[in-house]
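# Examination of the molecular architecture
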Amino acid sequence: MSRDDFSPEVKDIIARRVGMRCSNPNCRQSTSGPREDPEKVINIGVAAHITAAAKGGPRYNAKLTSRERRSIENAIWLCQNCAKLIDNDPKLYTVDLLQRWKKLSEDAARLAIDSPSVESKTGISDEELIRFFAQCFDRPAFQDPFMQEGSMEAFDKAIEDTITAINTGCLRSRDGTILAQAKGKAFLRKKNWRDRMDAIVDLLRAIRSRYDIARKMKLIHVSEHQDGSSSYSINDPFLAKWMDSTRAQITQMFSEIAKEAGVIPPGFPRPYRSHW
Ligand SMILES: [Zn+2]
């Protein structure tokens, strides 16, 4: 069976277009560094196929020509872990999602070299970064009780966007416009704050996976209506409680960091619900 592998040139360009970082916005792992040997580098990144290199592989698209399959458009730079992840669950990691990751990662890399205010010698201060993160938390997904969420999809998307913003420093509105630009949590100089932001992102990811499992186990049931709206029911009394307490833990942790940074923490919970 033939495989449409990428050329070394494609691999090189795809890696450098994203600043040698994993393109999964939840990961953003650096994939390159020095070896003991002063003339060598370590590379833990791979140019992964968005649609598989060979028949039977993940997301294989029979309509593509061999040339298209080998082309740079079909490549995404990932760390080794994320490359395995996307191939283990092609239903979850769709072509569409991977293309969004690629775009997002390239945008983040461009921002990193584009905006002198961010990349100036002194760089962005920890306090400014915390102020940016506070902006990311200032949304209904962190304020309304889980049982009152207007839309489950929007809730999940809001959590995903928050993770992306904290990791990449790029905050977007729902239609994709960039609302604010800063840097990801990896750029915090205070290790203590960095560690706590890592813990917050771990909790945010836990919320997403618990939501995902609940959907798969039909503990959250979404009904689509003819007018395009949807309603849902939650068949697990502990789920809403767990969601609310986990979010409370996140907002509590972040409020403490914000206080230390002299930033006014986002006001949660808010008395009235507004739109997404
Ligand atoms: Zn990764």
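What comes next is a walk through the structure.

What counts, and where the lines are drawn
- Residues numbered from 1 in each chain as written.
- Predicted model: local features only at pLDDT ≥ 70, side-chain atom pairs only at ≥ 80, totals over all residues.
- Heavy atoms only, no water.
- Donors = N, O, S within 2.8 Å, 3.2 Å for Na, K, Ca; no water.
- Tetrahedral: all angles 85-135°; square planar, octahedral: opposite > 155°, others 65-115°.
- Buried < 20%, exposed > 50% of the residue type's maximum accessible area, 1.4 Å probe, protein only.
- Helix = DSSP H or I, 4+ residues; strand = E, 2+ residues; numbered from the N terminus.
- Expected span 1.5 Å × (residues − 1).
- Contact = heavy atoms within 4.5 Å.
- Salt bridge = Lys/Arg side-chain N within 4 Å of Asp/Glu carboxyl O.
- Core = buried A, V, L, I, M, F, W, Y, C linked by side-chain atoms within 4.5 Å.

## Focus on the coordination of the zinc ion
The protein atoms that coordinate the zinc ion are Cys22 (SG), Cys27 (SG), Cys79 (SG) and Cys82 (SG), at distances spanning 2.3 to 2.4 Å. With four donor atoms in place around the zinc ion and angles of 104 to 116° between them, the coordination shape is tetrahedral. Read in sequence order, the donor residues coordinating the zinc ion give the pattern C-x4-C-x51-C-x2-C. Cys82 sits in the buried class, given a relative accessible area of 6%.

## Observations concerning unusual backbone geometry
Positive phi, close to 60°, is recorded for Met20, a residue that is not glycine. Relative to the elements of secondary structure, Met20 occurs in the loop between helix 1 (8-17) and strand 1 (32-34). Residue classification places Met20 among the partly exposed positions, given a relative accessible area of 24%.

## Topic: helix 8 (residues 191-216)
Here helix 8 contains 26 residues, and its C-alpha end-to-end distance of 37 Å stays within 8% of the 38 Å for a straight helix at 1.5 Å per residue. Along its buried surface, helix 8 packs onto helix 6 (126-137), helix 7 (152-168), strand 7 (220-224) and helix 9 (237-260).

## Observations concerning the pattern of salt bridges
Counted by the stated rule, this structure contains 22 salt bridges. Across the pair Lys40 and Asp37 runs a salt bridge, and its minimum N-O distance is 3.7 Å. Arg210 is the salt-bridge partner of Asp236, the closest N and O atoms lying 3.6 Å from each other. With Asp236 in the loop between strand 8 (230-234) and helix 9 and Arg210 in helix 8, this residue pair connects regions lying 26 residues apart in the sequence. For Asp236, a relative accessible area of 12% puts it in the buried group.

## Re the nonpolar core
Counting 43 residues, the largest nonpolar core has Ile130, Phe133, Phe146, Ile220 and Phe254 as its most contacted members. Secondary structure elements with two or more residues in this core: helix 6, helix 7, helix 8, strand 7 and helix 9. The element contributing the most residues to this core is helix 8, with nine residues. Apart from the residues lying within four places of it in its own chain, the contact partners of Phe133 are Ala165, Ile166, Lys183, Gly184, Lys185, Leu188, Met197 and Phe254.

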